[in-house]
Amino acid sequence: MIYPECLKVGDCIGTTATSSGAKDEIDLKKLDNARKNLGEIGYQLIETPNVRKCDKFVSSSGEE
């Protein structure tokens, strides 16, 4: 079995929304806190625009 390497300080973590993105104030605060905490311990973070987008329970079109 092939296992990925463990994350190391300086590695990049990417986040995307595969279904509905976050738009509720509490959910957005949770995302911001997670980004802050991961950044403080040394990880680079990339967030696709659809993470903070929600339009009728769909975050993106199939093309996006």
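One structure accompanies this document, and this report is about it. (Residues numbered from 1 in each chain as written. Predicted model: local features only at pLDDT ≥ 70, side-chain atom pairs only at ≥ 80, totals over all residues. Heavy atoms only, no water.)

Focus: the overall build of the protein
If you tally the helices and strands in the protein, you get one helix and two strands. Traced from its N-terminal end to its C-terminal end, the protein shows the element sequence β-α-β. When burial is assessed residue by residue, the protein has 11% of its 64 residues classed as buried. Long-range contacts, defined as pairs at least 24 residues apart, comprise 73% of the intrachain contacts of the protein with a sequence gap of at least 6. Total accessible area computed for the protein in this model is approximately 5300 Å², and 57% of it derives from carbon and sulfur atoms. (Helix = DSSP H or I, 4+ residues; strand = E, 2+ residues; numbered from the N terminus. Buried < 20%, exposed > 50% of the residue type's maximum accessible area, 1.4 Å probe, protein only. Contact = heavy atoms within 4.5 Å. Areas by Shrake-Rupley, 256 points an atom, 1.4 Å probe, with all protein chains shown as cover.)

Let's talk about the environment of Gly-10
Tracing the backbone through its elements, the reader meets Gly-10 in the segment before strand S1 (12-15). Sequence-wise, Gly-10 and Gly-42 are 32 residues apart; in three dimensions their C-alpha atoms are separated by 5.4 Å. Residue contacts for Gly-10: discarding those within four places in its chain leaves Gly-42, Tyr-43 and Gln-44.

Description of the side chain of Asn-50
Relative to the helices and strands, Asn-50 resides in the segment after strand S2 (44-47). At a separation of 3.4 Å, a polar atom in the side chain of Asn-50 contacts the side chain of Thr-16. (Polar contact = N/O pair within 3.5 Å; in protein donor to acceptor, adjacent residues only side chain to side chain.)

As for the pattern of salt bridges
Inspection of the entire model under this criterion finds seven salt bridges. Between Glu-25 and Lys-29 there is a salt bridge, with the nearest N and O atoms lying 3.5 Å from each other. Note that Glu-25 and Lys-29 are positioned in helix H1 (residues 25-40) at a spacing of four residues, about one turn of the helix. The class for Lys-29 is partly exposed, based on a relative accessible area of 48%. (Salt bridge = Lys/Arg side-chain N within 4 Å of Asp/Glu carboxyl O.)

Here's the deal with the pairing of S2
Sheet faces and side chains relate simply in a regular strand, where the side chains alternate between the two faces. Bridge count for S1 against S2 is four bridges, and the pairing is parallel. In the strand pairing of S2, Cys-12 is matched with Gln-44. Regarding the hand of the β-α-β motif, the stretch spanning S1, H1 and S2 is right-handed. (Pairing = 2+ DSSP bridges. Right-handed = clockwise from strand over helix to strand, strands pointing away.)

A closer look at the environment of Leu-38
Here Leu-38 is to be found in helix H1. As for Leu-38 and Val-9, which are separated by 29 residues in sequence, their C-alpha atoms are 9.8 Å apart. Among all residues touching Leu-38, those that are not within four sequence positions of it are Ile-13, Tyr-43 and Leu-45.

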